[in-house]
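# Examination of the molecular architecture
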Amino acid sequence: MPSFPITLTRYILHEQASHPEATGEFSALMAQIGLAGKMVAHDLRRAGLINVLGVTGATNVQGEAVKKLDELANETFVRVFQFSGLVCALASEEMEQPLYLPENWPRGKYMLLVDPLDGSSNTDVNMPLGTIFSILRYEGRDKLPSEGDLIRGGREQVAAGYLSYGTSTVLVFTVGQGVHGFTLDPGVGEYVLSHEHITMPARGKQYAANDGNYHKWPAGTRRYVDWLKETDKTGARPYSARYSGCLVGDVHRMLLGGGLYLYPGETNKPEGKLRLLYEANPLGMVVEQAGGLASTGTASILDVKATTLHQRVPLIIGSRDDVQEAEAFIQGRRT
Ligand code: AHG
Ligand code: MN
Ligand code: MN
(Lines give C-alpha, C1' and ligand atoms only; values in the text may rest on other atoms or scores of the structure.)
(Ligands and ions follow the chains in the order given, each with its own letter.)
Protein backbone atom coordinates (compact mmCIF):
# COMPACT_ATOMS: atom_id res chain seq x y z
CA MET A 1 0.00 0.00 0.00
CA PRO A 2 1.40 3.43 -0.86
CA SER A 3 2.29 5.80 1.95
CA PHE A 4 0.38 8.67 3.59
CA PRO A 5 -2.30 9.86 3.22
CA ILE A 6 -4.46 6.78 2.67
CA THR A 7 -8.04 7.94 2.63
CA LEU A 8 -10.95 5.52 3.05
CA THR A 9 -11.80 5.95 -0.63
CA ARG A 10 -8.25 5.20 -1.71
CA TYR A 11 -8.05 2.22 0.64
CA ILE A 12 -11.32 0.73 -0.59
CA LEU A 13 -10.34 1.14 -4.25
CA HIS A 14 -6.97 -0.47 -3.54
CA GLU A 15 -8.65 -3.45 -1.86
CA GLN A 16 -11.18 -3.72 -4.65
CA ALA A 17 -8.36 -3.97 -7.19
CA SER A 18 -7.14 -7.18 -5.51
CA HIS A 19 -10.59 -8.74 -6.04
CA PRO A 20 -11.04 -8.91 -9.82
CA GLU A 21 -14.56 -10.29 -9.36
CA ALA A 22 -15.63 -7.21 -7.34
CA THR A 23 -18.28 -5.03 -8.94
CA GLY A 24 -17.54 -1.96 -6.83
CA GLU A 25 -20.85 -2.20 -4.97
CA PHE A 26 -19.25 -3.15 -1.69
CA SER A 27 -16.81 -0.25 -2.01
CA ALA A 28 -19.73 2.10 -2.58
CA LEU A 29 -21.53 0.63 0.41
CA MET A 30 -18.58 1.33 2.72
CA ALA A 31 -18.35 4.87 1.35
CA GLN A 32 -22.04 5.40 2.16
CA ILE A 33 -21.52 4.13 5.71
CA GLY A 34 -18.73 6.67 6.00
CA LEU A 35 -21.11 9.37 4.75
CA ALA A 36 -23.86 8.40 7.21
CA GLY A 37 -21.23 8.51 9.97
CA LYS A 38 -20.20 12.04 8.98
CA MET A 39 -23.84 13.15 9.03
CA VAL A 40 -24.48 11.62 12.47
CA ALA A 41 -21.24 13.11 13.81
CA HIS A 42 -22.25 16.51 12.44
CA ASP A 43 -25.62 16.33 14.24
CA LEU A 44 -24.00 15.16 17.48
CA ARG A 45 -21.51 18.02 17.47
CA ARG A 46 -24.26 20.67 17.39
CA ALA A 47 -27.00 18.69 19.18
CA GLY A 48 -27.33 21.25 21.96
CA LEU A 49 -28.02 23.96 19.37
CA ILE A 50 -30.61 22.33 17.13
CA ASN A 51 -33.14 21.10 19.68
CA VAL A 52 -32.36 17.39 19.41
CA LEU A 53 -31.43 16.58 23.00
CA GLY A 54 -33.81 14.60 25.22
CA VAL A 55 -36.44 11.99 24.43
CA THR A 56 -39.13 11.79 21.76
CA GLY A 57 -41.70 10.37 24.19
CA ALA A 58 -41.92 7.12 22.22
CA THR A 59 -40.73 3.66 23.30
CA ASN A 60 -38.91 1.44 20.82
CA VAL A 61 -39.37 -2.28 20.16
CA GLN A 62 -36.77 -2.95 22.88
CA GLY A 63 -39.01 -1.21 25.41
CA GLU A 64 -36.50 1.63 25.77
CA ALA A 65 -37.25 5.37 25.68
CA VAL A 66 -36.33 6.72 22.23
CA LYS A 67 -34.01 9.71 22.29
CA LYS A 68 -34.44 12.38 19.62
CA LEU A 69 -30.91 11.58 18.48
CA ASP A 70 -31.76 7.84 18.21
CA GLU A 71 -34.51 8.81 15.79
CA LEU A 72 -32.34 11.27 13.90
CA ALA A 73 -29.48 8.80 13.49
CA ASN A 74 -31.91 6.12 12.32
CA GLU A 75 -33.42 8.51 9.77
CA THR A 76 -29.94 9.37 8.55
CA PHE A 77 -29.15 5.73 7.79
CA VAL A 78 -32.51 5.28 6.08
CA ARG A 79 -32.01 8.42 3.95
CA VAL A 80 -28.48 7.44 2.98
CA PHE A 81 -29.44 3.91 1.92
CA GLN A 82 -32.88 4.44 0.31
CA PHE A 83 -32.45 4.85 -3.45
CA SER A 84 -28.73 4.07 -3.04
CA GLY A 85 -28.92 1.05 -5.32
CA LEU A 86 -26.80 -0.76 -2.73
CA VAL A 87 -28.89 -2.58 -0.11
CA CYS A 88 -32.15 -4.42 -0.59
CA ALA A 89 -33.03 -4.50 3.13
CA LEU A 90 -32.17 -2.41 6.16
CA ALA A 91 -32.86 -3.59 9.72
CA SER A 92 -32.33 -1.32 12.69
CA GLU A 93 -32.50 -1.57 16.45
CA GLU A 94 -34.87 1.40 16.26
CA MET A 95 -37.35 -0.16 13.78
CA GLU A 96 -39.68 -2.99 14.70
CA GLN A 97 -39.77 -4.26 11.13
CA PRO A 98 -36.96 -4.22 8.58
CA LEU A 99 -37.22 -1.82 5.70
CA TYR A 100 -37.30 -3.54 2.32
CA LEU A 101 -36.04 -1.42 -0.52
CA PRO A 102 -37.58 -2.44 -3.87
CA GLU A 103 -36.06 0.68 -5.46
CA ASN A 104 -32.60 -0.87 -4.94
CA TRP A 105 -33.67 -4.26 -6.20
CA PRO A 106 -32.34 -6.42 -7.83
CA ARG A 107 -29.07 -4.52 -8.08
CA GLY A 108 -28.42 -4.20 -4.37
CA LYS A 109 -27.38 -7.60 -3.11
CA TYR A 110 -26.37 -6.51 0.38
CA MET A 111 -28.44 -6.19 3.56
CA LEU A 112 -27.51 -3.78 6.34
CA LEU A 113 -28.23 -4.20 10.05
CA VAL A 114 -27.52 -1.22 12.23
CA ASP A 115 -27.58 0.15 15.76
CA PRO A 116 -27.72 3.77 14.55
CA LEU A 117 -26.86 5.31 17.90
CA ASP A 118 -25.20 3.24 20.56
CA GLY A 119 -24.88 4.55 24.10
CA SER A 120 -27.89 6.84 23.91
CA SER A 121 -27.89 7.51 27.67
CA ASN A 122 -24.86 9.68 26.81
CA THR A 123 -26.60 11.97 24.31
CA ASP A 124 -27.38 14.88 26.61
CA VAL A 125 -24.11 14.92 28.53
CA ASN A 126 -21.49 15.20 25.77
CA MET A 127 -20.18 11.68 26.32
CA PRO A 128 -19.11 9.07 23.74
CA LEU A 129 -21.59 7.53 21.31
CA GLY A 130 -21.31 5.11 18.44
CA THR A 131 -22.92 3.41 15.47
CA ILE A 132 -22.58 -0.35 14.90
CA PHE A 133 -23.15 -2.03 11.53
CA SER A 134 -23.29 -5.53 10.13
CA ILE A 135 -23.39 -6.39 6.42
CA LEU A 136 -24.89 -9.57 5.00
CA ARG A 137 -25.18 -10.73 1.43
CA TYR A 138 -28.59 -11.74 0.07
CA GLU A 139 -28.30 -14.62 -2.32
CA GLY A 140 -31.95 -14.71 -3.45
CA ARG A 141 -32.53 -13.56 -6.99
CA ASP A 142 -36.26 -13.99 -7.60
CA LYS A 143 -37.74 -11.85 -4.82
CA LEU A 144 -36.88 -9.28 -2.18
CA PRO A 145 -35.61 -10.71 1.11
CA SER A 146 -37.98 -11.27 4.01
CA GLU A 147 -37.34 -11.06 7.75
CA GLY A 148 -35.95 -14.59 7.95
CA ASP A 149 -33.21 -13.71 5.48
CA LEU A 150 -31.87 -11.10 7.91
CA ILE A 151 -31.80 -13.44 10.92
CA ARG A 152 -28.42 -15.02 10.31
CA GLY A 153 -25.46 -16.24 12.33
CA GLY A 154 -22.47 -14.02 13.05
CA ARG A 155 -20.15 -16.05 10.85
CA GLU A 156 -22.30 -15.20 7.83
CA GLN A 157 -21.45 -11.50 8.07
CA VAL A 158 -19.41 -10.32 5.10
CA ALA A 159 -18.29 -7.17 6.90
CA ALA A 160 -18.89 -5.45 10.21
CA GLY A 161 -17.70 -2.45 12.11
CA TYR A 162 -18.49 0.67 14.04
CA LEU A 163 -18.18 4.42 14.13
CA SER A 164 -16.95 5.83 17.42
CA TYR A 165 -18.01 9.44 18.05
CA GLY A 166 -15.62 10.66 20.70
CA THR A 167 -13.10 13.45 20.68
CA SER A 168 -12.68 12.39 17.06
CA THR A 169 -14.83 10.29 14.76
CA VAL A 170 -13.24 6.92 14.04
CA LEU A 171 -14.49 4.28 11.60
CA VAL A 172 -13.30 0.75 12.38
CA PHE A 173 -14.26 -2.20 10.21
CA THR A 174 -13.36 -5.63 8.95
CA VAL A 175 -14.16 -7.55 5.82
CA GLY A 176 -12.74 -10.72 7.36
CA GLN A 177 -9.11 -9.89 6.65
CA GLY A 178 -8.03 -7.97 9.72
CA VAL A 179 -9.31 -4.78 11.28
CA HIS A 180 -8.47 -1.24 10.26
CA GLY A 181 -9.35 2.13 11.73
CA PHE A 182 -9.83 5.43 9.90
CA THR A 183 -10.00 8.79 11.67
CA LEU A 184 -12.18 11.51 10.19
CA ASP A 185 -10.08 14.57 9.39
CA PRO A 186 -12.70 17.27 9.93
CA GLY A 187 -10.67 19.86 8.03
CA VAL A 188 -10.94 17.99 4.73
CA GLY A 189 -13.96 15.79 5.50
CA GLU A 190 -12.09 12.57 4.70
CA TYR A 191 -11.48 9.43 6.72
CA VAL A 192 -7.74 8.73 6.83
CA LEU A 193 -6.15 5.40 7.74
CA SER A 194 -4.87 5.85 11.28
CA HIS A 195 -4.92 2.33 12.77
CA GLU A 196 -3.74 -0.32 10.31
CA HIS A 197 -4.13 -4.01 11.22
CA ILE A 198 -5.32 -3.57 14.78
CA THR A 199 -4.20 -6.46 16.99
CA MET A 200 -5.60 -6.77 20.50
CA PRO A 201 -3.25 -7.53 23.37
CA ALA A 202 -3.91 -11.10 24.62
CA ARG A 203 -4.67 -9.64 28.05
CA GLY A 204 -5.46 -6.23 29.43
CA LYS A 205 -5.81 -4.68 32.85
CA GLN A 206 -9.15 -2.95 32.50
CA TYR A 207 -12.74 -4.13 32.61
CA ALA A 208 -16.01 -2.47 31.69
CA ALA A 209 -19.27 -3.59 33.30
CA ASN A 210 -22.29 -1.94 34.90
CA ASP A 211 -21.37 -2.86 38.49
CA GLY A 212 -24.72 -1.48 39.60
CA ASN A 213 -26.16 -4.79 38.37
CA TYR A 214 -23.79 -6.82 40.58
CA HIS A 215 -26.51 -8.28 42.78
CA LYS A 216 -28.51 -9.37 39.72
CA TRP A 217 -25.62 -11.43 38.34
CA PRO A 218 -25.26 -15.19 38.88
CA ALA A 219 -22.62 -16.30 41.40
CA GLY A 220 -19.94 -17.17 38.80
CA THR A 221 -20.10 -13.70 37.23
CA ARG A 222 -19.99 -11.99 40.62
CA ARG A 223 -17.01 -14.12 41.63
CA TYR A 224 -15.14 -13.24 38.42
CA VAL A 225 -15.59 -9.50 38.93
CA ASP A 226 -14.60 -9.84 42.62
CA TRP A 227 -11.48 -11.69 41.47
CA LEU A 228 -10.59 -8.88 39.04
CA LYS A 229 -10.60 -6.48 41.99
CA GLU A 230 -8.35 -8.59 44.20
CA THR A 231 -4.68 -7.72 44.56
CA ASP A 232 -2.36 -10.16 42.90
CA LYS A 233 1.28 -10.45 44.09
CA THR A 234 2.59 -10.14 40.52
CA GLY A 235 0.70 -6.89 40.02
CA ALA A 236 -1.60 -8.37 37.36
CA ARG A 237 -4.65 -7.42 39.45
CA PRO A 238 -6.63 -5.42 40.45
CA TYR A 239 -8.03 -4.40 37.09
CA SER A 240 -9.19 -0.82 36.63
CA ALA A 241 -12.88 -0.21 35.96
CA ARG A 242 -13.71 1.83 32.83
CA TYR A 243 -17.41 1.96 31.93
CA SER A 244 -18.64 4.72 29.66
CA GLY A 245 -22.25 3.66 29.06
CA CYS A 246 -21.38 3.28 25.39
CA LEU A 247 -20.50 -0.22 24.22
CA VAL A 248 -18.67 1.13 21.17
CA GLY A 249 -16.49 3.43 23.26
CA ASP A 250 -15.65 0.68 25.73
CA VAL A 251 -14.94 -1.92 23.04
CA HIS A 252 -12.79 0.58 21.14
CA ARG A 253 -10.75 1.13 24.29
CA MET A 254 -10.30 -2.61 24.77
CA LEU A 255 -9.52 -3.18 21.09
CA LEU A 256 -6.58 -0.81 21.34
CA GLY A 257 -5.41 -1.38 24.90
CA GLY A 258 -6.74 -4.79 25.93
CA GLY A 259 -9.17 -5.90 28.62
CA LEU A 260 -12.81 -6.85 28.44
CA TYR A 261 -16.36 -5.51 28.39
CA LEU A 262 -19.15 -7.52 30.04
CA TYR A 263 -22.90 -7.18 29.83
CA PRO A 264 -23.65 -10.59 31.32
CA GLY A 265 -26.90 -12.42 31.71
CA GLU A 266 -28.74 -11.78 34.98
CA THR A 267 -30.32 -14.44 37.19
CA ASN A 268 -33.80 -13.20 36.28
CA LYS A 269 -32.86 -12.10 32.77
CA PRO A 270 -30.42 -14.69 31.44
CA GLU A 271 -30.59 -13.29 27.92
CA GLY A 272 -28.88 -10.07 29.05
CA LYS A 273 -29.52 -6.71 27.42
CA LEU A 274 -27.55 -6.34 24.22
CA ARG A 275 -28.83 -7.23 20.78
CA LEU A 276 -27.28 -10.14 18.90
CA LEU A 277 -27.76 -8.86 15.36
CA TYR A 278 -27.03 -5.16 15.83
CA GLU A 279 -24.40 -5.18 18.59
CA ALA A 280 -22.89 -8.54 19.59
CA ASN A 281 -22.40 -10.10 16.13
CA PRO A 282 -20.73 -7.12 14.43
CA LEU A 283 -18.49 -6.29 17.40
CA GLY A 284 -17.78 -10.01 17.81
CA MET A 285 -16.53 -10.19 14.23
CA VAL A 286 -14.33 -7.10 14.68
CA VAL A 287 -12.83 -8.32 17.95
CA GLU A 288 -12.19 -11.87 16.69
CA GLN A 289 -10.54 -10.46 13.57
CA ALA A 290 -8.24 -8.47 15.87
CA GLY A 291 -7.30 -11.60 17.87
CA GLY A 292 -9.79 -11.23 20.71
CA LEU A 293 -12.89 -13.19 21.64
CA ALA A 294 -16.61 -12.58 22.04
CA SER A 295 -18.60 -15.00 24.19
CA THR A 296 -21.99 -15.49 25.81
CA GLY A 297 -20.11 -16.98 28.75
CA THR A 298 -20.66 -20.50 27.42
CA ALA A 299 -20.29 -20.22 23.63
CA SER A 300 -18.81 -17.99 20.98
CA ILE A 301 -21.15 -15.13 20.06
CA LEU A 302 -20.55 -15.85 16.39
CA ASP A 303 -21.93 -19.39 16.86
CA VAL A 304 -25.18 -18.30 18.55
CA LYS A 305 -28.20 -19.37 16.56
CA ALA A 306 -30.19 -16.30 15.63
CA THR A 307 -33.93 -16.86 15.89
CA THR A 308 -35.47 -13.38 16.09
CA LEU A 309 -34.57 -9.96 14.73
CA HIS A 310 -34.30 -8.20 18.08
CA GLN A 311 -32.85 -11.14 20.02
CA ARG A 312 -30.81 -10.30 23.10
CA VAL A 313 -27.67 -12.09 24.21
CA PRO A 314 -25.21 -11.94 27.14
CA LEU A 315 -21.92 -10.44 25.93
CA ILE A 316 -18.38 -10.86 27.22
CA ILE A 317 -15.98 -9.37 24.70
CA GLY A 318 -12.34 -8.41 24.68
CA SER A 319 -8.83 -9.78 25.00
CA ARG A 320 -8.52 -13.52 24.46
CA ASP A 321 -7.11 -14.52 27.86
CA ASP A 322 -9.50 -12.25 29.75
CA VAL A 323 -12.58 -13.61 28.00
CA GLN A 324 -11.44 -17.21 28.52
CA GLU A 325 -10.90 -16.51 32.22
CA ALA A 326 -14.37 -14.97 32.52
CA GLU A 327 -15.86 -18.04 30.83
CA ALA A 328 -14.07 -20.32 33.30
CA PHE A 329 -15.64 -18.50 36.27
CA ILE A 330 -19.08 -18.27 34.66
CA GLN A 331 -19.05 -21.98 33.84
CA GLY A 332 -17.87 -22.87 37.36
CA ARG A 333 -14.54 -24.34 36.20
CA ARG A 334 -12.82 -21.75 38.41
CA THR A 335 -14.01 -20.42 41.72
P1 AHG B 1 -28.24 1.59 23.02
O2 AHG B 1 -27.95 3.01 23.35
O3 AHG B 1 -28.00 1.28 21.56
O4 AHG B 1 -29.56 1.10 23.51
O5 AHG B 1 -27.13 0.70 23.72
C6 AHG B 1 -26.83 0.90 25.06
C7 AHG B 1 -26.01 -0.26 25.50
C8 AHG B 1 -24.52 -0.07 25.43
O9 AHG B 1 -24.04 0.91 24.57
C10 AHG B 1 -24.09 0.22 26.84
O11 AHG B 1 -22.85 -0.36 27.10
C12 AHG B 1 -25.19 -0.38 27.68
O13 AHG B 1 -26.31 -0.54 26.85
C14 AHG B 1 -25.54 0.49 28.82
O15 AHG B 1 -26.52 -0.13 29.56
P16 AHG B 1 -26.75 0.18 31.12
O17 AHG B 1 -27.26 1.58 31.18
O18 AHG B 1 -27.71 -0.85 31.56
O19 AHG B 1 -25.40 0.04 31.79
MN1 MN C 1 -26.44 -0.10 21.38
MN1 MN D 1 -29.00 2.23 19.90
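Here, the structure is the one placed above.
Each value, and the rule that gives it
- Residues numbered from 1 in each chain as written.
- Chains lettered and ligands numbered in written order.
- Predicted model: local features only at pLDDT ≥ 70, side-chain atom pairs only at ≥ 80, totals over all residues.
- Heavy atoms only, no water.
- Donors = N, O, S within 2.8 Å, 3.2 Å for Na, K, Ca; no water.
- Helix = DSSP H or I, 4+ residues; strand = E, 2+ residues; numbered from the N terminus.
- Buried < 20%, exposed > 50% of the residue type's maximum accessible area, 1.4 Å probe, protein only.
- Near = heavy atom within 4 Å.
- Polar contact = N/O pair within 3.5 Å; in protein donor to acceptor, adjacent residues only side chain to side chain.
- Areas by Shrake-Rupley, 256 points an atom, 1.4 Å probe, with all protein chains shown as cover.
- Pairing = 2+ DSSP bridges.
- Contact = heavy atoms within 4.5 Å.
- Axes fitted to C-alpha atoms, helices over the stretch in contact; angles between N-to-C directions.
- Core = buried A, V, L, I, M, F, W, Y, C linked by side-chain atoms within 4.5 Å.
- Domains from an automatic or database assignment.
- Parallel < 35°, antiparallel > 145°, perpendicular 65-115°, else oblique.
- Left-handed = near helix turned anticlockwise from the far one by under 90°.
- Nonpolar A, V, L, I, M, F, W, Y, C, P; charged D, E, K, R; others polar.
- Expected span 1.5 Å × (residues − 1).
- Phe/Tyr/Trp six-rings, centres within 6.5 Å; stacked < 30°, edge-to-face > 60°.
- Lys NZ or Arg CZ within 6 Å of the ring centre and 35° of its normal.

### Focus: the coordination of the manganese ion (ligand 3)
For the manganese ion (ligand 3), the full set of protein donor atoms is E93 (OE), D115 (OD) and L117 (O), and the range of their distances to it is 2.2 to 2.3 Å. Counting along the primary sequence, the residues that act as donors to the manganese ion (ligand 3) give the motif E-x21-D-x1-L. Taken as a pair, the manganese ion (ligand 3) and the manganese ion (ligand 2) show a spacing of 3.8 Å, with D115 coordinating each metal. Remark: L117 occurs in strand β5 (residues 110-118) and E93 occurs in the loop between β3 (87-92) and β4 (99-100); sequence separation between them is 24 residues. Of the two residues examined, E93 and L117, each falls in the buried class.

### Considerations on the site of ligand 1
Close contacts around ligand 1 come from 18 residues, with D118, N210, Y243, Y261 and Y263 the closest. For ligand 1, an oxygen atom lies 2.5 Å from a polar atom in the side chain of Y243. Contact distances for ligand 1 include 2.7 Å between an oxygen atom and a side-chain N or O atom of Y261. A total of 470 Å² of accessible area belongs to ligand 1 in isolation, and the protein chains cover 86% of it. Only β5 and β13 (260-263) provide two or more residues apiece to the shell around ligand 1. When residues in the shell around ligand 1 are grouped by element, the largest group, three residues, is from β5.

### Let's talk about the sheet that holds strand β6 (residues 129-137)
An order of β4-β3-β5-β6-β7-β8-β9-β10 is seen for the eight strands of this open sheet, with the pairing classed as mixed. Looking at which strands have only one partner, the edges of the open sheet turn out to be β4 and β10 (190-195). Here β5 pairs with β6 via seven bridges, running antiparallel. Looking at the pairing, D115 lines up with I132 of β6. Packed onto the sheet, helix α3 (residues 68-81) meets β3, β4, β5 and β6 and runs at close to 155 degrees relative to β5.

### Some words on the nonpolar core
For soluble globular proteins, nonpolar side chains are generally found buried alongside one another. L255, Y261 and L315 are the most contacted members of the largest nonpolar core, which has 43 residues in total. For this core, the secondary-structure elements that each account for two or more residues are β3, β5, β6, β8 (169-174), α6 (247-257), β13, α7 (276-289) and β15 (315-318). With seven residues, the single largest contributor to this core is α7. A domain-level breakdown of this core finds at least three residues from each of domain 1 (8-195) and domain 2 (206-330). Discounting chain neighbours no more than four positions away, the residues touching L315 are L247, Y261, L262, Y263, P264, L274, A280, A294, S295 and I301. Core analysis: the second largest hydrophobic core is formed by 40 residues, I33, A41, A47 and F133 among them.

### Here's the deal with the packing of helix α5 (residues 219-229) against helix α8 (residues 320-330)
Where α5 meets α8, the axes come as close as 7 Å, and the angle between the chain directions of the two elements is 135 degrees. Between α5 and α8, the angle is such that the two are oblique. As α5 packs across α8, the resulting crossing turns out to be right-handed. Across the interface between the two elements, G220, T221, R223, Y224 and W227 from α5 touch D322, E325, A326, F329 and I330 from α8. Among the residues making up the contact of α5 with α8, the classes are represented as five nonpolar, two polar and three charged.

### Some points on the side chain of R152
Tracing the backbone shows R152 in the loop between α4 (147-150) and β7 (159-165). Engagement of the side chain of R152 in a polar contact is seen with the backbone oxygen of R137, the distance being 3.0 Å. One polar contact links the side chain of R152 to the main-chain carbonyl oxygen of D149, over a distance of 3.0 Å. When sequence neighbours within four positions are dropped, the list of residues in contact with R152 reads M111, L136, R137, L277, N281 and A306.

### Some remarks on the coordination of the manganese ion (ligand 2)
Protein ligation of the manganese ion (ligand 2) involves D115 (OD), D118 (OD) and E279 (OE), the donor distances falling in the range 1.9 to 2.1 Å. Written as a sequence motif, the donor residues of the manganese ion (ligand 2) are D-x2-D-x160-E. The class of E279 is buried, set by a relative accessible area of 1%.

### Concerning helix α2 (residues 25-45)
Here α2 contains 21 residues, and its C-alpha end-to-end distance of 30 Å stays within 8% of the 30 Å for a straight helix at 1.5 Å per residue. Along α2, the residues classified as buried are E25, S27, L29, M30, I33, G34, A36, G37, V40, A41, D43 and L44.

### Some details on the packing of aromatic side chains
This model, assessed by the stated rule, comprises ten aromatic pairs. Note on W227 and F329: the rings are 5.2 Å apart at their centroids and 40 degrees apart in plane angle, and the pair reads as tilted. Here W227, found in helix α5, pairs with F329, found in helix α8; they are 102 residues apart in sequence, far enough to count as distant. Both residues of the pair, W227 and F329, belong to the buried class. In this structure, R334 packs its charged tip against the face of W227, placed 4.9 Å from the ring centre.

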